Amino acid sequence: ILNVEQSPQSLHVQEGDSTNFTCSFPSSNFYALHWYRWETAKSPEALFVMTLNGDEKKKGRISATLNTKEGYSYLYIKGSQPEDSATYLCAFAGGSYIPTFGRGTSLIVHP
Amino acid sequence: DTGVSQNPRHKITKRGQNVTFRCDPISEHNRLYWYRQTLGQGPEFLTYFQNEAQLEKSRLLSDRFSAERPKGSFSTLEIQRTEQGDSAMYLCASSLAGTVRSYEQYFGPGTRLTVT
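Residues numbered from 1 in each chain as written. Chains lettered and ligands numbered in written order. Predicted model: local features only at pLDDT ≥ 70, side-chain atom pairs only at ≥ 80, totals over all residues. Heavy atoms only, no water.

### Regarding the overall build of chain B
Then step 1. Tallying secondary structure elements over chain B gives zero helices and 11 strands in all.
Then step 2. In chain B, the order of α-helices and β-strands from amino to carboxyl end is β-β-β-β-β-β-β-β-β-β-β.
Then step 3. The C-alpha atoms of chain B give 14 Å as radius of gyration, which agrees with the globular expectation for 116 residues (13 Å, within 12%).
Then step 4. In terms of its C-alpha atoms, chain B occupies a principal-axis envelope of roughly 45 × 25 × 25 Å.
Then step 5. Every one of the 116 residues in chain B was classed for burial, and the buried ones make up 49%.
Then step 6. Looking at chain B alone, contacts between residues at least 24 apart form 54% of all its contacts between residues at least 6 apart.
Then step 7. Accessible surface for chain B amounts to roughly 6,000 Å². Of this, 45% is attributable to carbon and sulfur atoms. (Helix = DSSP H or I, 4+ residues; strand = E, 2+ residues; numbered from the N terminus. Rg over C-alpha atoms; globule rule 2.2 N^0.38 Å. Buried < 20%, exposed > 50% of the residue type's maximum accessible area, 1.4 Å probe, protein only. Contact = heavy atoms within 4.5 Å. Areas by Shrake-Rupley, 256 points an atom, 1.4 Å probe, with all protein chains shown as cover.)

### So, the interface of chain A and chain B
Then step 1. Contact residues are listed per partner, giving 19 residues for chain A and 20 residues for chain B.
Then step 2. Between chain A and chain B lies a buried interface of about 1,700 Å² when both sides are counted; carbon and sulfur atoms form 65% of it.
Then step 3. Of all residues in chain A, the largest losses of buried area upon contact with chain B belong to Trp 38, Tyr 97 and Ile 98 of chain A, amounting jointly to 35% of the total for that side.
Then step 4. The interface formed by chain A and chain B contains zero salt bridges.
Then step 5. Going through the elements one at a time, β4 (32–38) and β5 (45–50) of chain A are the ones with two or more residues in the side of chain A that touches chain B.
Then step 6. It is β4 of chain A that contributes the most residues to the side of chain A that touches chain B, four residues altogether. (Buried area = accessible area lost by both parts, 1.4 Å probe. Salt bridge = Lys/Arg side-chain N within 4 Å of Asp/Glu carboxyl O.)

### Some words on the sheet that holds strand β6 (residues 56–59) of chain A
All names here are of chain A.
Then step 1. In space, the five strands of this open sheet follow the order β1-β3-β8-β7-β6, with antiparallel pairing throughout. Every interior strand has two partners, whereas the edge strands, β1 (5–7) and β6, have only one. Strand after strand, the sheet turns through a mean of 15 degrees between neighbouring axes, direction not considered.
Then step 2. Here β1 pairs with strand β3 (residues 19–24) via three bridges, running antiparallel. Bridged to Ser 7 within β3 is Thr 22. (Pairing = 2+ DSSP bridges. Axes fitted to C-alpha atoms, helices over the stretch in contact; angles between N-to-C directions.)

### Examining the packing of aromatic side chains
Then step 1. This model, assessed by the stated rule, comprises 17 aromatic pairs over all chains.
Then step 2. Ring plane angle 35 degrees and centroid distance 6.5 Å describe the contact between Phe 65 of chain B and Tyr 90 of chain B, whose orientation is recorded as tilted. Of this pair, Phe 65 of chain B sits in strand β7 (residues 65–68) while Tyr 90 of chain B sits in strand β9 (residues 88–95), placing them 25 residues apart in sequence.
Then step 3. For Tyr 90 of chain B, a relative accessible area of 0% translates into the label buried.
Then step 4. Ring-pair connections join several aromatic residues into one group, and the members of that group are Tyr 36 and Phe 101 of chain A together with Tyr 33, Tyr 35, Phe 45, Tyr 48 and Phe 107 of chain B.
Then step 5. Between Arg 22 of chain B and the ring centre of Phe 74 of chain B, over which it is positioned, the NZ or CZ distance is 3.9 Å. (Phe/Tyr/Trp six-rings, centres within 6.5 Å; stacked < 30°, edge-to-face > 60°. Lys NZ or Arg CZ within 6 Å of the ring centre and 35° of its normal.)

### A short note on the confidence of the model for chain B
Then step 1. Looking at chain B as a whole, its pLDDT mean stands at 92, while 97% of the residues score no less than 70.
Then step 2. By mean pLDDT, the top-scoring element of chain B is strand β3 (residues 19–24) of chain B (98), and the lowest-scoring one is strand β6 (residues 53–57) of chain B (91). (pLDDT = per-residue confidence, 0-100.)

### A closer look at the state of the cysteines
Residue and element names in this part refer to chain A.
Then step 1. If you walk through the whole model with that rule in mind, you get two disulfides over all chains.
Then step 2. Each sulfur in the disulfide pair Cys 23 and Cys 90 lies 2.0 Å from the other. Looking along the S-S bond of the Cys 23-Cys 90 disulfide, the torsion reads about 75 degrees, which is the right-handed sense. Here Cys 23, found in strand β3, pairs with Cys 90, found in strand β9 (residues 86–93); they are 67 residues apart in sequence, far enough to count as distant. (Disulfide = S-S within 2.5 Å.)

### Details of the nonpolar core
Most often, soluble globular proteins have nonpolar side chains that are buried together.
Then step 1. Judged by nonpolar contacts, the single largest core of 23 residues is most densely connected at Phe 25, Leu 33, Trp 35, Phe 48, Leu 75, Tyr 88 and Leu 107 of chain A.
Then step 2. Among the secondary structure elements, those contributing two or more residues to this core are β2 (10–14), β3, β4, β5, β7 (62–67), β8 (72–77), β9 and β11 (105–110) of chain A.
Then step 3. No other element matches β9 of chain A, which puts four residues into this core.
Then step 4. Not counting chain neighbours up to four residues away, the residues in contact with Tyr 88 of chain A comprise Gln 6, Phe 21, Tyr 36, Arg 37, Leu 47, Leu 75, Ile 77, Gly 104, Thr 105 and Leu 107 of chain A.
Then step 5. Counting residues in hydrophobic clusters, the runner-up holds 19 residues, among them Val 4, Val 19, Leu 61 and Cys 92 of chain B. (Core = buried A, V, L, I, M, F, W, Y, C linked by side-chain atoms within 4.5 Å.)

Written as C-alpha cells, this is what we have:
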C-alpha cells in the first residue's frame, strides 16, 4: 500500500494571507504527481500534473513545486481569497497510471 | 457541457438492494476510472478501463461490485446486495491515454450513495 500523506488536514486563514500545504509520497518508482482542487458539490478540478524533479508550476496565484528525490510537493496560494476555499488533493502515480490519493487539505478562507 | 457526467447524483437505497451508477466520460477519452471516497479519506481506486477492456481492479472491489464499459464510451458500476459500508461518494474520471496528457484525469461530480 502506497503512503501519500497531506498536511495539514485543515487550515483556516484570513483573506489576503498566503498559505502552503505539503504532500509527501514514496520517493521510488515516481511517475507523476497530481494536485486537484475539490469544491463542495463540484467535480475535483485538476490544478497541476508534475512529472520531473524540480518542476515548478504556476496558475494565477497558485503554484506548486516537486522534489521526487525526497518525496514531497508543496502547493502555495498567494493572497488567499474566499473562493479558494476547497479541499486540495494530491495524488501520486508510481509506475502506472493509477494514482494514490492523499486525504486532502481542507482550506477555509475567511473574508 | 462536454465534461464528465455521472448519474444519478444521489442515491438512497435500502440494505440488500442492487444499485447501478452511470458515467459518461469526455467523448474522446479512452481511459475511464472509478473511485470511491468516504468521509475523511481521499478517493480510493476501484477499477479502470481502456476503451472497453477492464485493465485493472482493486482488491477493494468485492464480488458484489461489477463495472462495464460495453462500447468503450459510457460505463456502469453496479453494486449488488448493498451494505451500509458501501455508503460513499463514487467518482468517475476519464483521461486520454497515449498522449503527453495521459496523466491528467477529468472527474465527474460523483454519485453519493447512502445505504440505510
